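Chain residues, written in single-letter form:
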Amino acid sequence: MEKTKYPQVEMEIRKWGSKPSSLIQVLHGVQEGVGYLSQNVLKYTAERLNVPLSKVYGVVTFYNFFKTQKDADHIIMICMGTACYVKNGEEVVKAIENYLSIKLGEKTSDGKFSLQIVRCLGACGLAPVISIDGDDVYGKLTPEKAVEVIKRYQ
Ligand code: FES
């Protein structure tokens, strides 16, 4: 199992460029994928785009479509892009759904986890992958390893 950081941010930077003027597009794209912008994501984005963190906070508070709170304690994003799909991503989905007793798009009754599907996390070489809260990506998963990852966040 391998782990990388902030894949969604890197993916948006590849799309929009690593420059201060890409800030809104990058934040927007990350939120689309992850559902919200964590403090760690904001800090990382500020560093990567060479923008002061105060400016990033300013943008996020000015535009009310940006969300800095998540709907559950942890958002599990399961990649179902082509690379992950062909490497048994579906089995990973089933294992996580069974373990948490929820389906994709749902939230556990204790509010701890929600489950989302994403098209590509930009880490296809590590397929199949999941990301927790958009901060960490875990790759080369088996259904058993995926459940082990979830247990660490309980
Ligand atoms: S298809 Fe899953 S990371 Fe790209």
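Residues numbered from 1 in each chain as written. Predicted model: local features only at pLDDT ≥ 70, side-chain atom pairs only at ≥ 80, totals over all residues.

A. Just the overall build of the protein chain, in detail. Each helix and strand in the protein chain was counted, giving seven helices and five strands. Relative to the 2.2 N^0.38 estimate, which gives 15 Å for 154 residues, the radius of gyration of the protein chain is 15 Å and therefore close to what a compact globule would have. Principal-axis analysis of the C-alpha atoms gives the protein chain an extent of 40 × 35 × 20 Å. With 154 residues in all, the protein chain has 32% of them scored as buried. In the protein chain, of all internal contacts separated by at least 6 residues, the share reaching a separation of at least 24 is 66%. (Helix = DSSP H or I, 4+ residues; strand = E, 2+ residues; numbered from the N terminus. Rg over C-alpha atoms; globule rule 2.2 N^0.38 Å. Buried ≥ 20, exposed ≤ 12 C-beta atoms within 10 Å, placed from the backbone. Contact = placed C-beta atoms within 7 Å.)

B. Structural context of the environment of lysine 87. Among the structural elements, lysine 87 can be located in the loop between helix H5 (82–86) and helix H6 (89–100). Note on lysine 87: 19 C-beta atoms within 10 Å, which makes it partly exposed. Look past the residues within four positions of lysine 87 in its chain and what remains in contact with it is Ala127 and Pro128.

C. Examining helix H3 (residues 39–49) more closely. Taken together, the buried positions of H3 are Val41, Leu42, Thr45 and Leu49. Along the axis of H3, the buried residues cluster in a sector spanning 100°; they form a single face. For H3, the exposed residues lying more than 90 degrees away from the buried face are Gln39 and Glu47. Taken together, the buried residues of H3 touch helix H1 (7–16), helix H2 (23–34) and helix H4 (53–62). At the C-terminal side of H3, asparagine 50 shows a positive phi close to 60°. (Arc of directions from axis to C-beta.)

D. Broad picture of unusual backbone geometry. That bond from alanine 127 to proline 128 is cis: its omega, -5°, falls within 30 degrees of zero. With respect to the element layout, proline 128 can be found in the loop between strand E3 (113–118) and strand E4 (130–132). Unlike most non-glycine residues, tyrosine 6 shows phi in positive territory, near 45°. With respect to the helices, strands and loops of the structure, tyrosine 6 is situated in the loop between strand E1 (2–5) and H1. We note that serine 101 has phi near 55°; this positive angle belongs to a residue other than glycine. The topology assignment puts serine 101 in the loop between H6 and E3.

E. Spotlight on the nonpolar core. Ile76, Ile78, Ile96, Val129 and Ile130 are the most contacted members of the largest nonpolar core, which has 36 residues in total. Broken down by element, this core gets its largest block of residues, five residues, from strand E2 (residues 74–79). A domain-level breakdown of this core finds at least three residues from each of domain 1 (2–62) and domain 2 (74–152). In this view, valine 129 contacts Cys79, Cys84, Leu121, Ala123, Val137, Tyr138, Gly139 and Leu141; residues no more than four positions away in its chain are not counted. (Core = buried A, V, L, I, M, F, W, Y, C linked by C-beta atoms within 7 Å. Domains from an automatic or database assignment.)

F. Structural detail: the domain arrangement of the protein chain. Looking at the protein chain, the domain boundaries give domain 1 (2–62) and domain 2 (74–152). Averaged C-alpha coordinates put domain 1 and domain 2 at centres separated by 22 Å. Facing the 16 residues of domain 1 at the interface are 17 residues of domain 2. Taken together, the elements giving at least two residues each to the side of domain 1 that touches domain 2 come down to E1, H1, H2 and H3. Here the residues of the side of domain 1 that touches domain 2 sort into six nonpolar, six polar and four charged. (Nonpolar A, V, L, I, M, F, W, Y, C, P; charged D, E, K, R; others polar.)

G. Geometry of the pairing of E2. Counting buried positions over the six residues of E2 gives five, a clear majority of the element. In the sheet, E2 pairs with E3 via six bridges, with the strands oriented parallel. When the bridges of E3 are listed, methionine 77 appears paired with glutamine 116. Across three bridges, the pairing between E2 and E4 is antiparallel. Paired with isoleucine 78 across the strands is isoleucine 130, a residue of E4. (Pairing = 2+ DSSP bridges.)

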